[in-house]
Amino acid sequence: MERHDPARRRAVLVICDGHRDDFLRPETCPAIHALAGRSRRFLAHRAIFPSATRASSASIATGCWPARHGLHGNTMGLPDGGDGYRVHDVGDPAFVAALRAAKGRTLAVPTLAERLADHGGAVIASNVSPGAAYFQDPDHFGHVVHRAGSYGPGGRPLGPDEAPAVAHDGTGDEALAAWFADEVLLHRRPRLGVLWLANPDLAMHADELGSPTHLAGIAAADRCVARVEAAVEALRAEGEDVLLLVGSDHGQETVIGRVAVADRLVEAGLKESADSTDVVVAPQGGSGFVYVAPRAAGRIAAIAAFLDAQPYIAEVFRGSALLPLGQAPEGGLALAFAMARDEAPNPFGVPGRIVLCVSDDKPGKAEGAGSHGGLGRFERHPFLIGNGGGFAPGTVETGTTRLVDIAPTILRFLGLPRGGMDGLALPQS
Ligand SMILES: [Zn+2]
């Protein structure tokens with residue numbers, strides 16, 4: 001029998017931001033649930049650390065852990081030009097330029113958009129934060145469509161006739177999904193199409209998990225997946241060989257407290273002042289990173305001991321203890337901590353509760369609402385479905401899979417080299 005022609009192969013990735021694996025139920029998301037039944041479902045899929053969107057976006061795009069691609073989290077410390085550090089918000093559209101100025105590069109390893117630039121190209125349509133969108137392709141090898149500005153190869157700005165600017169809500173998600181299905185998948189036909197939806201993450205942050213708001217956010221994302229799947233089926237009916245991956249980047253848990261950890265370090269005499277650059281804390285929701293300037297390196301052990309003794313912190317990871325988490329003690333990153341958590345239910349019976357690390361600039365979500373970023377069981381459990389592309393339909397994989405496995409899976413299917421990645425192509429049966 002003739003093998004499939006790799007030149008007629010396309011990959012499509014849809015990320016439903018924040019969708020917890022345990023909410024993949026027929027009554028909450030009928031289209032995704034039905035798709036899972038026709039696909040291979042990865043039951044033990046795992047988030048990166050921190051379980052936050054922006055570094056997750058870079059890990060999905062590169063197939064590498066943050067230790068390799070260099071984007072630490074939703075916020076990160078960069079040298080302040082003197083002998084200290086400042087915390088930057090990775091979601092800011094200007095952050096890519098700040099990172100390039102500080103490090104002489106953006107990501108330290110190539111993205112799928114770069115690897116596919118001469119092999120049919122990539123189109124990424126994202127409705128999450130600008131930072132999460134732009135770290136899919138920070139150096140402009142493909143097309144990135146985002147409401148804060150859309151760019152083509154070489155950084156050419158795309159006009160409104162080439163890229164829609166949609167609202168940052170469920171209606172915007174549905175408009176973007178419709179454009180992605182019709183214009184990108186059926187008309188432009190790049191080798192890789194990525195659609196990253198704001199929901200249900202947006203709805204989960206706004207209200208209690210399990211609330212009607214959360215369920216409406218899931219339903220909106222579900223309609224978007226149905227729209228994309230219909231376009232994929234239309235391509236297959238024409239003879240195209242399409243791999244469809246649908247998943248999420250992390251889950252969320254219920255916020256039960258918020259602590260300004262940097263202020264606690266000042267009170268303990270371990271940081272000079274609220275604005276000082278000797279020791280800075282980069283909040284990641286359910287976790288945080290501490291960057292320490294060389295002049296304060298003698299305080300690292302005391303900082304670790306202080307944090308370890310606080311009831312609002314569950315674990316502290318110092319130096320080489322960062323490596324098993326996929327982070328590295330580089331760029332001033334001296335230690336990380338995961339905030340306290342438990343698996344008790346919220347008023348809607350949804351298990352998993354976390355304390356947040358916050359700051360004046362990053363006040364965090366309200367108590368009772370959903371958030372993420374730490375090591376809680378449910379925030380670390382996104383879902384993943386592989387449809388077509390050799391994945392045995394109606395099967396499940398119970399072994400652990402990771403966000404970094406997505407990129408090598410796409411390259412295996414497209415018949416392209418996948419060297420230099422931390423992840424492994426997903427088992428097909
Ligand atoms: Zn996310």
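Residues numbered from 1 in each chain as written. Predicted model: local features only at pLDDT ≥ 70, side-chain atom pairs only at ≥ 80, totals over all residues. Heavy atoms only, no water.

The name an unreviewed UniProt entry gives the protein chain is Putative AlkP superfamily pyrophosphatase or phosphodiesterase, with Prosthecomicrobium pneumaticum as the organism.

1. Quick notes on the pattern of salt bridges
To be explicit about the condition: Every case where a carboxyl oxygen of Asp or Glu lies within 4 Å of a side-chain nitrogen of Lys or Arg is listed as a salt bridge. Under the DSSP-based scheme used, a helix requires at least four consecutive residues in state H or I and a strand at least two consecutive residues in state E, with every element numbered from the N terminus. When a residue's accessible area, from a 1.4 Å probe over protein chains only, is under 20% of the maximum for its type it is buried; when over 50% it is exposed; and in between it is partly exposed.
Per the counting criterion, the structure on display carries 28 salt bridges. The salt bridge involving Arg236 is made with Glu233; its shortest N-O contact spans 3.0 Å. Within this pair, Arg236 and its partner Glu233 are both found in helix α9 (residues 212-237), separated by three residues, close to a single helical turn. For Glu233, a relative accessible area of 38% gives the class partly exposed. Where Glu272 meets Arg295, a salt bridge forms, and the shortest distance between an N and an O atom there is 3.7 Å. Highlighted residues: Glu272 in the loop between α10 (261-267) and β10 (279-283) and Arg295 in the loop between β11 (287-292) and α11 (300-308), separated in sequence by 23 residues. Each of Arg8, Arg10, Arg189, Glu238 and Glu240 takes part in salt bridges that share partners, so that together they form one network.

2. With respect to helix α2 (residues 53-62)
Taking burial as the measure, the ten residues of α2 include ten buried ones, the bulk of the element. Of all the residues in α2, the buried ones are Thr53, Arg54, Ala55, Ser56, Ser57, Ala58, Ser59, Ile60, Ala61 and Thr62. Gly63 sits one or two positions beyond α2 and adopts a positive phi of about 70 degrees.

3. Focus on unusual backbone geometry
Residue Pro50 follows Phe49 across a cis peptide bond; omega there is 0 degrees. Among the secondary structure elements, Pro50 is positioned in the loop between β2 (40-46) and α2. A cis geometry characterises the amide bond from Asn199 onward to Pro200, with omega recorded as 5 degrees. By secondary structure assignment, the location of Pro200 is in the loop between β7 (192-197) and α8 (201-206). Even without being glycine, Arg189 reaches a positive phi, approximately 55 degrees. Mapped onto the elements of the fold, Arg189 is located in the loop between α7 (170-188) and β7. Taking relative accessible area as the criterion, Arg189 reaches 22% and is therefore assigned partly exposed.

4. Some thoughts on the sheet that holds strand β8 (residues 241-247)
Which entries qualify depends on this criterion: Think of it this way: DSSP has to see at least two bridges between two strands before they count as a pair. Helix axes are fitted only over the stretch in contact, all axes being lines through C-alpha atoms; the angle between N-to-C directions runs from 0 to 180 degrees. Two residues form a contact once any of their heavy atoms are found within 4.5 Å.
In space, the eight strands of this open sheet follow the order β6-β5-β7-β1-β8-β17-β2-β18, with mixed pairing throughout. Only two strands of the sheet have a single partner each, and these edge strands are β6 (143-145) and β18 (395-402). Averaged over all adjacent pairs, the angle separating strand axes in this sheet is 15 degrees, with direction ignored. Bridge analysis of β2 against β18 gives six bridges, and the strand direction is parallel. In the strand pairing of β18, Arg41 is matched with Val396. Sheet contacts for helix α12 (residues 406-414): β1 (9-16), β2, β7, β8, β17 (384-387) and β18; angle to β8, the most-contacted strand, approximately 170 degrees.

5. Topic: the sheet that holds strand β9 (residues 253-259)
In space, the four strands of this open sheet follow the order β14-β15-β9-β16, with mixed pairing throughout. If you trace the sheet from one side to the other, it starts and ends with β14 (341-345) and β16 (370-371), each paired once. Alignment of β14 against strand β15 (residues 351-357), held across three bridges, turns out to be antiparallel. Note that in β15 the partner of Pro345 across the bridge is Pro351.

6. With respect to the environment of Ala321
With respect to the helices and strands, the residue Ala321 is situated in the loop between β12 (313-318) and β13 (333-339). For Ala321, a relative accessible area of 34% gives the class partly exposed. For the pair Ala321 and Met204, spaced 117 residues apart in sequence, the C-alpha to C-alpha distance is 31 Å.

7. Observations concerning the coordination of the zinc ion
Quick note on the threshold: The donor set covers N, O and S atoms within 2.8 Å of the metal, switching to 3.2 Å for Na, K and Ca, and it leaves out water, so a site may look short of donors.
For the zinc ion, the full set of protein donor atoms is Asp17 (OD), Asp17 (OD), Thr53 (OG1), Asp249 (OD) and His250 (NE2), and the range of their distances to it is 2.0 to 2.6 Å. We note that the donor set of the zinc ion lies within a single chain, spaced as D-x35-T-x195-D-H. Of the residues examined, Asp249 reaches a relative accessible area of 0% and is grouped as buried.

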